[in-house]
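Chain residues, written in single-letter form:
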Amino acid sequence: MTVPPTIGVLALQGDVREHLLALERLGEPTRSVRLPEDLRGLDGLVIPGGESTTIGRLAERFGLLHPLRAAMADGLPTLATCAGMILVAGAIVEGDQPLLGALDVVVRRNAFGRQNESFEIDLDVKGLDRPFHGVFIRAPWVEKVGSDVEVLARVGDRPVMVSSGRMIATSFHPELTDDSRIHRLWMEETGG
Amino acid sequence: MARPTVRVVKIKGMDQSNGMKTGTELVKRGLADMLKGGVIMDVVDADQARIAEDAGAVAVMALERVPADIRKDGGVARMANPAKVTEIMGAVTIPVMAKCRIGHFLEARVLEDLGVDYIDESEVLTPADEEYHVDKWPFTTPFVCGARDLGEGLRRLSEGAAMIRTKGEAGTGNVVEAVRHIRAITSQMEALADMTDEEQADQAAMMRVSPELVKEVASLGRLPVVNFAAGGIATPSDAALMMALGCDGVFVGSGIFKSSQPTAYAAAIVKATTYWDNPGVIAKVSRGLGEPMRGKEIGTLEPAERLAARGW
(Lines give C-alpha, C1' and ligand atoms only; values in the text may rest on other atoms or scores of the structure.)
Protein backbone atom coordinates (compact mmCIF):
# COMPACT_ATOMS: atom_id res chain seq x y z
CA MET A 1 0.00 0.00 0.00
CA THR A 2 1.35 3.42 -0.92
CA VAL A 3 0.80 6.53 1.13
CA PRO A 4 -1.22 9.04 -0.94
CA PRO A 5 0.68 12.25 -1.70
CA THR A 6 -0.11 15.10 0.69
CA ILE A 7 -0.28 18.68 -0.56
CA GLY A 8 0.43 21.48 1.89
CA VAL A 9 -1.14 24.93 1.76
CA LEU A 10 0.86 27.73 3.36
CA ALA A 11 -1.69 28.98 5.91
CA LEU A 12 -0.19 32.15 7.39
CA GLN A 13 -2.83 34.41 5.82
CA GLY A 14 -5.01 34.61 2.71
CA ASP A 15 -7.49 32.43 0.84
CA VAL A 16 -6.21 29.15 2.26
CA ARG A 17 -9.67 27.59 2.47
CA GLU A 18 -10.36 28.03 -1.25
CA HIS A 19 -7.12 26.20 -2.17
CA LEU A 20 -7.87 23.39 0.31
CA LEU A 21 -11.33 23.00 -1.28
CA ALA A 22 -9.89 22.99 -4.82
CA LEU A 23 -7.41 20.25 -3.88
CA GLU A 24 -10.06 18.25 -2.04
CA ARG A 25 -12.25 18.37 -5.17
CA LEU A 26 -9.37 16.54 -6.90
CA GLY A 27 -9.27 13.97 -4.10
CA GLU A 28 -5.92 15.13 -2.72
CA PRO A 29 -5.13 14.81 0.98
CA THR A 30 -4.13 18.24 2.28
CA ARG A 31 -2.41 19.87 5.25
CA SER A 32 -2.15 23.47 6.45
CA VAL A 33 1.42 24.70 6.87
CA ARG A 34 2.09 27.32 9.55
CA LEU A 35 5.26 26.09 11.27
CA PRO A 36 8.54 24.69 9.85
CA GLU A 37 7.73 21.15 11.02
CA ASP A 38 4.50 21.18 8.98
CA LEU A 39 6.67 21.02 5.83
CA ARG A 40 7.91 17.50 6.60
CA GLY A 41 6.85 14.80 4.15
CA LEU A 42 4.94 17.03 1.76
CA ASP A 43 4.63 16.15 -1.92
CA GLY A 44 3.60 19.61 -3.02
CA LEU A 45 2.98 23.08 -1.64
CA VAL A 46 0.48 25.80 -2.53
CA ILE A 47 1.22 29.43 -1.66
CA PRO A 48 -2.19 31.12 -1.68
CA GLY A 49 -3.47 34.57 -2.48
CA GLY A 50 -3.36 37.13 0.32
CA GLU A 51 -1.15 40.07 1.18
CA SER A 52 2.42 39.23 0.21
CA THR A 53 3.91 41.62 2.77
CA THR A 54 1.90 40.01 5.58
CA ILE A 55 2.69 36.43 4.54
CA GLY A 56 6.37 37.26 3.96
CA ARG A 57 6.79 38.98 7.32
CA LEU A 58 5.04 36.19 9.23
CA ALA A 59 7.20 33.60 7.41
CA GLU A 60 10.28 35.58 8.42
CA ARG A 61 9.23 35.99 12.06
CA PHE A 62 8.30 32.32 12.50
CA GLY A 63 11.43 30.89 10.89
CA LEU A 64 9.75 29.62 7.71
CA LEU A 65 11.76 31.47 5.05
CA HIS A 66 14.83 29.24 5.18
CA PRO A 67 12.96 25.89 5.31
CA LEU A 68 10.70 27.03 2.44
CA ARG A 69 13.71 28.04 0.32
CA ALA A 70 15.44 24.74 1.08
CA ALA A 71 12.33 22.69 0.23
CA MET A 72 11.88 24.51 -3.09
CA ALA A 73 15.57 24.17 -3.94
CA ASP A 74 15.10 20.42 -3.33
CA GLY A 75 12.38 20.41 -5.98
CA LEU A 76 9.20 20.54 -3.87
CA PRO A 77 6.44 21.10 -6.46
CA THR A 78 4.91 24.52 -5.80
CA LEU A 79 1.79 26.32 -7.04
CA ALA A 80 1.90 30.03 -6.20
CA THR A 81 -1.10 32.29 -6.84
CA CYS A 82 -1.08 36.12 -6.78
CA ALA A 83 0.64 36.95 -3.45
CA GLY A 84 2.28 33.53 -3.86
CA MET A 85 3.77 34.60 -7.21
CA ILE A 86 5.31 37.63 -5.51
CA LEU A 87 6.71 35.55 -2.65
CA VAL A 88 8.43 32.95 -4.86
CA ALA A 89 9.91 35.62 -7.17
CA GLY A 90 13.61 36.32 -7.40
CA ALA A 91 12.93 40.06 -7.27
CA ILE A 92 10.15 42.66 -7.33
CA VAL A 93 10.27 45.92 -9.26
CA GLU A 94 9.99 48.22 -6.24
CA GLY A 95 9.92 47.84 -2.50
CA ASP A 96 11.59 45.82 0.19
CA GLN A 97 9.89 42.72 1.55
CA PRO A 98 10.87 39.11 2.28
CA LEU A 99 11.00 36.94 -0.89
CA LEU A 100 11.80 33.27 -1.41
CA GLY A 101 13.76 33.73 -4.63
CA ALA A 102 12.72 30.32 -5.94
CA LEU A 103 11.53 31.43 -9.39
CA ASP A 104 13.73 33.35 -11.84
CA VAL A 105 11.32 36.22 -12.55
CA VAL A 106 10.95 39.88 -11.67
CA VAL A 107 7.39 40.65 -10.55
CA ARG A 108 5.58 43.99 -10.38
CA ARG A 109 3.13 44.19 -7.47
CA ASN A 110 -0.34 45.70 -8.00
CA ALA A 111 0.69 45.98 -11.64
CA PHE A 112 -2.84 46.24 -13.01
CA GLY A 113 -3.80 48.87 -10.41
CA ARG A 114 -5.91 49.07 -7.28
CA GLN A 115 -9.18 47.30 -6.45
CA ASN A 116 -11.27 49.40 -8.86
CA GLU A 117 -9.07 47.96 -11.65
CA SER A 118 -9.47 44.35 -10.44
CA PHE A 119 -11.04 42.29 -13.23
CA GLU A 120 -12.21 38.97 -14.64
CA ILE A 121 -11.21 37.76 -18.10
CA ASP A 122 -11.10 34.52 -20.12
CA LEU A 123 -7.50 33.43 -20.65
CA ASP A 124 -5.87 31.10 -23.14
CA VAL A 125 -3.60 28.89 -21.07
CA LYS A 126 -0.94 26.68 -22.63
CA GLY A 127 -1.77 23.07 -21.80
CA LEU A 128 -5.55 23.64 -21.40
CA ASP A 129 -7.89 22.93 -24.32
CA ARG A 130 -10.39 25.69 -23.55
CA PRO A 131 -10.09 29.15 -21.94
CA PHE A 132 -9.71 29.52 -18.17
CA HIS A 133 -11.66 32.21 -16.33
CA GLY A 134 -9.03 34.35 -14.63
CA VAL A 135 -9.90 36.44 -11.56
CA PHE A 136 -7.34 39.23 -11.06
CA ILE A 137 -7.41 41.12 -7.75
CA ARG A 138 -4.93 43.98 -7.32
CA ALA A 139 -2.90 41.55 -9.34
CA PRO A 140 0.83 41.44 -10.10
CA TRP A 141 2.35 40.62 -13.48
CA VAL A 142 5.69 39.19 -14.50
CA GLU A 143 7.89 42.03 -15.68
CA LYS A 144 10.97 39.98 -16.63
CA VAL A 145 11.29 36.26 -17.30
CA GLY A 146 14.47 34.23 -16.67
CA SER A 147 15.89 31.85 -19.30
CA ASP A 148 14.37 28.66 -17.82
CA VAL A 149 10.93 30.14 -17.30
CA GLU A 150 8.08 29.39 -19.70
CA VAL A 151 5.14 31.77 -20.13
CA LEU A 152 1.81 29.86 -20.04
CA ALA A 153 -0.65 32.78 -20.27
CA ARG A 154 -0.69 36.51 -20.89
CA VAL A 155 -3.02 39.48 -20.54
CA GLY A 156 -2.18 41.81 -23.40
CA ASP A 157 1.57 41.34 -23.67
CA ARG A 158 2.07 40.79 -19.92
CA PRO A 159 2.86 37.29 -18.60
CA VAL A 160 0.34 36.27 -15.93
CA MET A 161 1.12 32.57 -15.65
CA VAL A 162 4.61 31.06 -15.80
CA SER A 163 6.28 27.77 -15.03
CA SER A 164 9.78 26.61 -14.31
CA GLY A 165 10.85 23.16 -13.16
CA ARG A 166 8.22 21.92 -10.74
CA MET A 167 6.69 25.31 -10.08
CA ILE A 168 3.72 27.17 -11.57
CA ALA A 169 2.92 30.77 -10.61
CA THR A 170 -0.21 32.74 -11.56
CA SER A 171 -1.16 36.42 -11.21
CA PHE A 172 -4.79 35.37 -10.95
CA HIS A 173 -6.81 33.16 -8.57
CA PRO A 174 -7.75 29.73 -9.98
CA GLU A 175 -8.94 28.89 -6.45
CA LEU A 176 -11.76 31.49 -6.62
CA THR A 177 -13.59 29.56 -9.37
CA ASP A 178 -14.98 26.02 -9.29
CA ASP A 179 -12.58 25.09 -12.10
CA SER A 180 -9.74 22.89 -10.79
CA ARG A 181 -7.95 22.50 -14.14
CA ILE A 182 -4.96 24.62 -13.16
CA HIS A 183 -4.49 22.71 -9.90
CA ARG A 184 -4.71 19.48 -11.91
CA LEU A 185 -2.33 20.77 -14.60
CA TRP A 186 0.17 21.67 -11.86
CA MET A 187 -0.05 18.22 -10.29
CA GLU A 188 0.39 16.47 -13.66
CA GLU A 189 3.21 18.67 -14.95
CA THR A 190 5.11 18.63 -11.70
CA GLY A 191 4.58 14.98 -10.89
CA GLY A 192 3.22 16.16 -7.54
CA MET B 1 14.81 52.59 -0.32
CA ALA B 2 11.84 54.72 -1.35
CA ARG B 3 8.53 53.07 -0.77
CA PRO B 4 6.63 52.05 -3.88
CA THR B 5 3.15 53.36 -4.46
CA VAL B 6 0.29 51.69 -6.29
CA ARG B 7 -0.11 52.97 -9.83
CA VAL B 8 -3.04 52.67 -12.18
CA VAL B 9 -2.07 51.29 -15.57
CA LYS B 10 -4.00 50.75 -18.73
CA ILE B 11 -2.63 48.06 -21.02
CA LYS B 12 -2.89 48.23 -24.78
CA GLY B 13 -5.49 45.88 -26.17
CA MET B 14 -7.06 45.28 -22.79
CA ASP B 15 -10.56 46.72 -22.43
CA GLN B 16 -14.16 45.57 -22.14
CA SER B 17 -14.11 44.47 -25.81
CA ASN B 18 -12.15 41.31 -25.00
CA GLY B 19 -14.49 40.24 -22.21
CA MET B 20 -12.68 41.99 -19.37
CA LYS B 21 -15.02 42.97 -16.53
CA THR B 22 -14.33 45.14 -13.48
CA GLY B 23 -16.43 45.73 -10.35
CA THR B 24 -18.03 42.27 -10.41
CA GLU B 25 -19.38 40.53 -7.33
CA LEU B 26 -16.55 38.00 -7.67
CA VAL B 27 -13.75 40.58 -7.59
CA LYS B 28 -15.46 42.55 -4.83
CA ARG B 29 -15.91 39.52 -2.59
CA GLY B 30 -12.57 38.16 -3.80
CA LEU B 31 -10.53 41.00 -2.30
CA ALA B 32 -12.10 40.22 1.09
CA ASP B 33 -11.06 36.59 0.60
CA MET B 34 -7.46 37.76 0.22
CA LEU B 35 -7.67 39.58 3.58
CA LYS B 36 -8.68 36.44 5.51
CA GLY B 37 -6.59 35.51 8.51
CA GLY B 38 -5.34 39.08 8.64
CA VAL B 39 -5.60 42.28 10.67
CA ILE B 40 -6.98 45.56 9.31
CA MET B 41 -5.75 48.54 11.32
CA ASP B 42 -7.22 52.04 11.80
CA VAL B 43 -4.67 54.74 10.94
CA VAL B 44 -4.91 58.53 10.87
CA ASP B 45 -1.77 59.44 8.89
CA ALA B 46 1.03 58.12 6.67
CA ASP B 47 3.34 57.33 9.59
CA GLN B 48 0.76 55.15 11.30
CA ALA B 49 -0.01 53.47 7.97
CA ARG B 50 3.66 52.55 7.55
CA ILE B 51 3.83 51.17 11.10
CA ALA B 52 0.76 49.06 10.35
CA GLU B 53 2.18 47.74 7.07
CA ASP B 54 5.55 46.91 8.64
CA ALA B 55 3.78 45.06 11.45
CA GLY B 56 2.06 42.85 8.86
CA ALA B 57 -1.41 44.42 8.54
CA VAL B 58 -3.34 43.15 5.49
CA ALA B 59 -4.98 46.56 5.01
CA VAL B 60 -5.41 49.90 6.73
CA MET B 61 -8.53 51.95 7.41
CA ALA B 62 -7.91 55.65 6.72
CA LEU B 63 -9.61 57.84 9.34
CA GLU B 64 -9.61 61.39 10.63
CA ARG B 65 -9.82 60.18 14.25
CA VAL B 66 -9.82 56.68 15.77
CA PRO B 67 -13.12 55.68 17.43
CA ALA B 68 -11.80 56.29 20.99
CA ASP B 69 -11.13 59.93 20.02
CA ILE B 70 -14.49 60.24 18.26
CA ARG B 71 -16.08 59.20 21.57
CA LYS B 72 -13.96 61.65 23.54
CA ASP B 73 -14.27 64.65 21.20
CA GLY B 74 -17.95 64.31 20.33
CA GLY B 75 -19.39 66.34 17.44
CA VAL B 76 -20.32 65.00 14.01
CA ALA B 77 -17.93 62.33 12.72
CA ARG B 78 -17.59 62.36 8.92
CA MET B 79 -15.62 60.79 6.07
CA ALA B 80 -11.90 61.61 6.34
CA ASN B 81 -10.58 64.56 4.36
CA PRO B 82 -9.64 63.41 0.81
CA ALA B 83 -6.13 64.83 1.32
CA LYS B 84 -5.73 62.52 4.32
CA VAL B 85 -7.01 59.50 2.41
CA THR B 86 -4.68 60.24 -0.50
CA GLU B 87 -1.72 60.71 1.86
CA ILE B 88 -2.34 57.27 3.35
CA MET B 89 -2.88 55.64 -0.06
CA GLY B 90 0.48 57.02 -1.14
CA ALA B 91 2.29 55.67 1.91
CA VAL B 92 1.63 51.92 1.65
CA THR B 93 1.20 49.14 -0.92
CA ILE B 94 -1.45 47.19 1.03
CA PRO B 95 -5.16 47.91 0.42
CA VAL B 96 -6.54 51.13 1.88
CA MET B 97 -10.11 51.27 3.18
CA ALA B 98 -12.03 54.36 4.26
CA LYS B 99 -15.30 55.01 6.07
CA CYS B 100 -18.38 56.84 4.86
CA ARG B 101 -21.42 57.70 6.97
CA ILE B 102 -24.43 55.36 6.87
CA GLY B 103 -26.55 56.38 3.89
CA HIS B 104 -24.12 59.05 2.67
CA PHE B 105 -23.80 57.86 -0.91
CA LEU B 106 -22.00 61.05 -1.92
CA GLU B 107 -19.18 60.45 0.55
CA ALA B 108 -19.05 56.93 -0.88
CA ARG B 109 -18.80 58.29 -4.43
CA VAL B 110 -15.95 60.57 -3.36
CA LEU B 111 -14.09 57.65 -1.80
CA GLU B 112 -14.63 55.60 -4.95
CA ASP B 113 -13.27 58.47 -7.03
CA LEU B 114 -10.20 58.65 -4.79
CA GLY B 115 -9.63 54.97 -5.60
CA VAL B 116 -9.80 53.45 -2.11
CA ASP B 117 -9.89 49.66 -2.18
CA TYR B 118 -12.87 49.15 0.15
CA ILE B 119 -15.53 51.46 1.61
CA ASP B 120 -16.77 50.86 5.16
CA GLU B 121 -20.31 52.22 5.53
CA SER B 122 -19.80 52.66 9.23
CA GLU B 123 -21.84 53.25 12.38
CA VAL B 124 -18.66 54.72 13.91
CA LEU B 125 -19.39 57.89 11.92
CA THR B 126 -22.53 59.93 12.49
CA PRO B 127 -25.33 58.51 10.30
CA ALA B 128 -26.43 60.70 7.37
CA ASP B 129 -29.69 58.93 6.60
CA GLU B 130 -32.06 57.37 9.12
CA GLU B 131 -34.04 55.48 6.51
CA TYR B 132 -31.68 54.13 3.87
CA HIS B 133 -28.23 52.61 3.81
CA VAL B 134 -26.20 53.25 0.64
CA ASP B 135 -27.35 51.26 -2.41
CA LYS B 136 -24.02 49.54 -2.91
CA TRP B 137 -24.68 47.58 -6.11
CA PRO B 138 -23.89 50.37 -8.61
CA PHE B 139 -20.40 50.96 -7.17
CA THR B 140 -17.19 49.50 -8.60
CA THR B 141 -15.53 49.80 -5.17
CA PRO B 142 -16.65 47.06 -2.75
CA PHE B 143 -18.29 47.78 0.62
CA VAL B 144 -17.95 46.28 4.08
CA CYS B 145 -20.76 46.85 6.60
CA GLY B 146 -21.30 46.11 10.29
CA ALA B 147 -23.88 43.71 11.70
CA ARG B 148 -25.13 42.75 15.16
CA ASP B 149 -27.06 39.71 14.00
CA LEU B 150 -27.76 37.62 10.91
CA GLY B 151 -30.71 39.66 9.69
CA GLU B 152 -28.69 42.88 9.74
CA GLY B 153 -25.82 41.21 7.89
CA LEU B 154 -28.14 39.77 5.23
CA ARG B 155 -29.89 43.14 4.73
CA ARG B 156 -26.47 44.69 4.03
CA LEU B 157 -25.68 41.87 1.57
CA SER B 158 -29.02 42.52 -0.16
CA GLU B 159 -27.93 46.15 -0.60
CA GLY B 160 -24.70 44.98 -2.24
CA ALA B 161 -22.13 44.73 0.59
CA ALA B 162 -19.28 42.35 -0.31
CA MET B 163 -17.94 41.79 3.19
CA ILE B 164 -19.46 41.83 6.69
CA ARG B 165 -17.97 42.64 10.09
CA THR B 166 -19.41 42.54 13.57
CA LYS B 167 -20.23 45.98 14.90
CA GLY B 168 -18.94 45.31 18.38
CA GLU B 169 -18.67 48.58 20.31
CA ALA B 170 -15.92 50.63 18.66
CA GLY B 171 -13.54 52.73 20.71
CA THR B 172 -14.22 50.94 24.01
CA GLY B 173 -11.37 48.41 23.99
CA ASN B 174 -14.02 46.01 25.30
CA VAL B 175 -14.54 42.86 23.23
CA VAL B 176 -17.84 41.80 24.82
CA GLU B 177 -20.13 43.31 22.15
CA ALA B 178 -18.13 41.83 19.26
CA VAL B 179 -18.44 38.43 20.97
CA ARG B 180 -22.19 38.94 21.39
CA HIS B 181 -22.57 39.80 17.69
CA ILE B 182 -20.57 36.89 16.26
CA ARG B 183 -22.35 34.46 18.59
CA ALA B 184 -25.72 35.81 17.44
CA ILE B 185 -24.78 35.45 13.76
CA THR B 186 -23.43 31.93 14.25
CA SER B 187 -26.34 30.61 16.30
CA GLN B 188 -28.89 32.10 13.91
CA MET B 189 -27.14 30.40 10.97
CA GLU B 190 -27.12 27.08 12.83
CA ALA B 191 -30.83 27.44 13.54
CA LEU B 192 -31.56 28.04 9.83
CA ALA B 193 -29.94 24.75 8.87
CA ASP B 194 -32.51 22.79 10.92
CA MET B 195 -35.55 24.57 9.49
CA THR B 196 -38.03 23.45 6.86
CA ASP B 197 -38.35 25.49 3.63
CA GLU B 198 -41.45 27.15 5.04
CA GLU B 199 -39.75 28.15 8.29
CA GLN B 200 -36.80 29.53 6.31
CA ALA B 201 -39.19 31.60 4.23
CA ASP B 202 -40.74 32.96 7.45
CA GLN B 203 -37.29 33.87 8.72
CA ALA B 204 -36.52 35.63 5.43
CA ALA B 205 -39.71 37.69 5.78
CA MET B 206 -38.82 38.58 9.36
CA MET B 207 -35.28 39.58 8.35
CA ARG B 208 -36.69 41.49 5.33
CA VAL B 209 -34.45 39.65 2.85
CA SER B 210 -35.10 37.25 -0.01
CA PRO B 211 -35.85 33.58 0.73
CA GLU B 212 -33.12 32.67 -1.79
CA LEU B 213 -30.47 34.44 0.31
CA VAL B 214 -31.64 32.67 3.48
CA LYS B 215 -31.59 29.34 1.65
CA GLU B 216 -28.07 30.01 0.40
CA VAL B 217 -26.82 30.74 3.94
CA ALA B 218 -28.59 27.65 5.30
CA SER B 219 -26.98 25.37 2.74
CA LEU B 220 -23.50 26.95 3.01
CA GLY B 221 -23.61 26.94 6.82
CA ARG B 222 -21.85 30.32 6.71
CA LEU B 223 -22.26 33.76 5.16
CA PRO B 224 -21.59 33.83 1.40
CA VAL B 225 -19.02 36.57 2.07
CA VAL B 226 -16.06 37.05 4.38
CA ASN B 227 -17.00 37.99 7.96
CA PHE B 228 -14.49 39.88 10.13
CA ALA B 229 -14.60 40.86 13.80
CA ALA B 230 -14.62 44.54 14.72
CA GLY B 231 -15.40 46.80 17.65
CA GLY B 232 -13.46 46.58 20.90
CA ILE B 233 -10.56 44.27 20.01
CA ALA B 234 -7.59 45.53 22.05
CA THR B 235 -5.14 42.69 22.75
CA PRO B 236 -3.58 39.67 20.98
CA SER B 237 -5.85 37.38 23.01
CA ASP B 238 -8.93 39.36 21.95
CA ALA B 239 -7.97 38.88 18.29
CA ALA B 240 -7.39 35.15 18.84
CA LEU B 241 -10.73 34.84 20.67
CA MET B 242 -12.61 36.32 17.70
CA MET B 243 -10.81 33.91 15.33
CA ALA B 244 -11.71 31.00 17.63
CA LEU B 245 -15.36 32.09 17.47
CA GLY B 246 -15.27 31.71 13.70
CA CYS B 247 -14.40 35.17 12.36
CA ASP B 248 -12.30 35.28 9.19
CA GLY B 249 -10.04 38.09 10.44
CA VAL B 250 -10.09 41.18 12.64
CA PHE B 251 -10.32 44.94 12.46
CA VAL B 252 -8.40 46.73 15.21
CA GLY B 253 -9.29 50.37 15.67
CA SER B 254 -8.17 52.27 18.72
CA GLY B 255 -6.50 49.18 20.22
CA ILE B 256 -3.18 49.73 18.47
CA PHE B 257 -2.48 53.45 18.43
CA LYS B 258 -4.08 54.00 21.87
CA SER B 259 -1.80 51.38 23.45
CA SER B 260 1.49 52.37 25.07
CA GLN B 261 3.61 50.66 22.35
CA PRO B 262 1.76 50.71 19.00
CA THR B 263 4.55 49.07 16.97
CA ALA B 264 4.81 46.10 19.33
CA TYR B 265 1.03 45.82 19.75
CA ALA B 266 0.44 45.82 16.01
CA ALA B 267 2.98 43.04 15.35
CA ALA B 268 1.71 40.96 18.28
CA ILE B 269 -1.93 41.17 17.19
CA VAL B 270 -0.94 40.07 13.65
CA LYS B 271 0.88 37.03 15.02
CA ALA B 272 -1.93 36.11 17.43
CA THR B 273 -4.45 36.26 14.57
CA THR B 274 -2.47 33.75 12.49
CA TYR B 275 -1.66 31.44 15.42
CA TRP B 276 -5.01 31.94 17.20
CA ASP B 277 -5.23 28.24 18.11
CA ASN B 278 -1.73 28.16 19.63
CA PRO B 279 -1.82 29.63 23.19
CA GLY B 280 1.97 29.23 23.46
CA VAL B 281 2.49 31.67 20.59
CA ILE B 282 -0.09 34.10 22.01
CA ALA B 283 1.61 34.03 25.42
CA LYS B 284 5.00 34.65 23.83
CA VAL B 285 3.90 37.57 21.66
CA SER B 286 1.91 39.16 24.52
CA ARG B 287 4.94 39.36 26.83
CA GLY B 288 6.37 42.81 27.55
CA LEU B 289 3.87 44.68 25.44
CA GLY B 290 3.21 47.48 27.90
CA GLU B 291 -0.26 48.81 28.56
CA PRO B 292 -3.22 48.10 26.28
CA MET B 293 -5.69 50.91 25.73
CA ARG B 294 -7.54 51.63 28.96
CA GLY B 295 -11.00 50.69 27.74
CA LYS B 296 -14.56 51.20 28.89
CA GLU B 297 -17.19 49.12 30.63
CA ILE B 298 -20.19 48.91 28.26
CA GLY B 299 -22.63 49.45 31.15
CA THR B 300 -21.16 52.93 31.74
CA LEU B 301 -22.10 54.12 28.22
CA GLU B 302 -25.16 56.35 27.77
CA PRO B 303 -27.62 54.99 25.18
CA ALA B 304 -26.52 57.72 22.72
CA GLU B 305 -22.93 56.50 23.10
CA ARG B 306 -23.82 53.02 21.87
CA LEU B 307 -22.51 53.22 18.30
CA ALA B 308 -23.71 49.71 17.46
CA ALA B 309 -27.31 50.87 17.74
CA ARG B 310 -26.83 53.05 14.65
CA GLY B 311 -28.11 51.39 11.47
CA TRP B 312 -30.74 48.68 11.28
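Residues numbered from 1 in each chain as written. Chains lettered and ligands numbered in written order. Predicted model: local features only at pLDDT ≥ 70, side-chain atom pairs only at ≥ 80, totals over all residues. Heavy atoms only, no water.

Caption draft 1: Main features of the interface of chain B and chain A. Tallying the contact residues gives 57 residues for chain B and 48 residues for chain A. Where chain B abuts chain A, roughly 4,200 Å² becomes buried across the two surfaces, and 56% of that area is made up of carbon and sulfur atoms. The tally of links between chain B and chain A comes to five salt bridges. Between Asp54(B) and Arg57(A) there is a salt bridge; the shortest N-O distance is 3.8 Å. Run the count over chain B and chain A and you get 26 residue pairs in polar contact (both at pLDDT 80 or more). Where the side of chain B that touches chain A is concerned, the elements lending two or more residues are strand E1 (21–22), helix H1 (25–35), helix H2 (46–55) and helix H12 (262–274) of chain B. For the side of chain B that touches chain A, the element with the highest residue contribution is H1(B), accounting for eight residues. Its residues assigned to classes, the side of chain B that touches chain A comprises 27 nonpolar, 16 polar and 14 charged. Pairing analysis gives two bridges linking strand E7 (residues 119–123) of chain A to E1(B), with the strands arranged antiparallel. Across the sheet, the residue bridging to Phe119(A) is Thr22(B), located in E1(B). (Contact = heavy atoms within 4.5 Å. Buried area = accessible area lost by both parts, 1.4 Å probe. Salt bridge = Lys/Arg side-chain N within 4 Å of Asp/Glu carboxyl O. Polar contact = N/O pair within 3.5 Å; in protein donor to acceptor, adjacent residues only side chain to side chain. Helix = DSSP H or I, 4+ residues; strand = E, 2+ residues; numbered from the N terminus. Nonpolar A, V, L, I, M, F, W, Y, C, P; charged D, E, K, R; others polar. Pairing = 2+ DSSP bridges.)

Caption draft 2: Local environment of the pattern of salt bridges. For the structure on display, the rule yields 32 salt bridges over all chains. A single network of salt bridges, built from pairs that share partners, joins Arg71(B), Glu169(B), Glu177(B), Arg180(B) and Arg306(B).

Caption draft 3: Summary view of the packing of aromatic side chains. For the structure shown, the criterion picks out nine aromatic pairs over all chains. Look at Phe119(A) and Phe136(A): their rings are 4.5 Å apart centre to centre, the planes differ by 5°, and that puts the pair in the stacked class. Here Phe119(A) is found in strand E7, whereas its partner Phe136(A) is found in strand E8 (residues 132–136), with 17 residues between them in sequence. You'll find Phe119(A) and Phe136(A) in the same group, each marked buried. Taken together, a centroid distance of 5.7 Å and an interplanar angle of 70° make the contact between Phe228(B) and Phe251(B) edge-to-face. Here Phe228(B) is found in strand E8 (residues 226–228), whereas its partner Phe251(B) is found in strand E9 (residues 250–252), with 23 residues between them in sequence. Each member of the pair, Phe228(B) as well as Phe251(B), carries the same accessibility label: buried. (Phe/Tyr/Trp six-rings, centres within 6.5 Å; stacked < 30°, edge-to-face > 60°. Buried < 20%, exposed > 50% of the residue type's maximum accessible area, 1.4 Å probe, protein only.)

Caption draft 4: Molecular detail of the environment of Phe228(B). Assessed through its relative accessible area of 0%, Phe228(B) is described here as buried. Sequence spacing of Phe228(B) and Ala191(B) is 37 residues, and the spatial spacing of their C-alpha atoms is 21 Å.

Caption draft 5: Structural detail: the packing of helix H4 (residues 82–89) of chain B against helix H5 (residues 105–114) of chain B. Residues and elements named next belong to chain B. Here H4 crosses H5 at 35°, and the two axes come no closer than 11 Å. For the pair H4 and H5, the crossing hand works out as right-handed. In this structure, H4 contributes Pro 82, Val 85, Thr 86 and Met 89 to the contact, and H5 contributes Val 110, Leu 111 and Leu 114. Of the residues belonging to the contact of H4 with H5, the class tally is six nonpolar, one polar and no charged. (Axes fitted to C-alpha atoms, helices over the stretch in contact; angles between N-to-C directions. Left-handed = near helix turned anticlockwise from the far one by under 90°.)

Caption draft 6: Broad picture of the sheet that holds strand E4 (residues 96–101) of chain B. Residue and element names in this part refer to chain B. Taking strand neighbours across the sheet as the criterion, the eight strands line up as E8-E7-E6-E5-E4-E3-E2-E9 in an open arrangement whose pairing is parallel. Either end of the sheet is taken by a strand with one partner, and the two such strands are E8 and E9. Across the sheet, the mean angle separating the axes of adjacent strands is 30° when strand polarity is ignored. The pairing of E4 with strand E5 (residues 118–122) spans five bridges and is classified as parallel. Within E5, the residue paired with Arg 101 across the bridge is Ser 122. Contacts from H4 reach strand E2 (39–43), strand E3 (59–62) and E4 within the one sheet, and its direction differs from that of E3 by about 165°. Across the sheet, helix H6 (residues 150–158) is in contact with strand E6 (143–147) and strand E7 (163–166); its angle to E6 comes to roughly 160°.

Everything listed is a geometric property; what it means functionally is a separate question.
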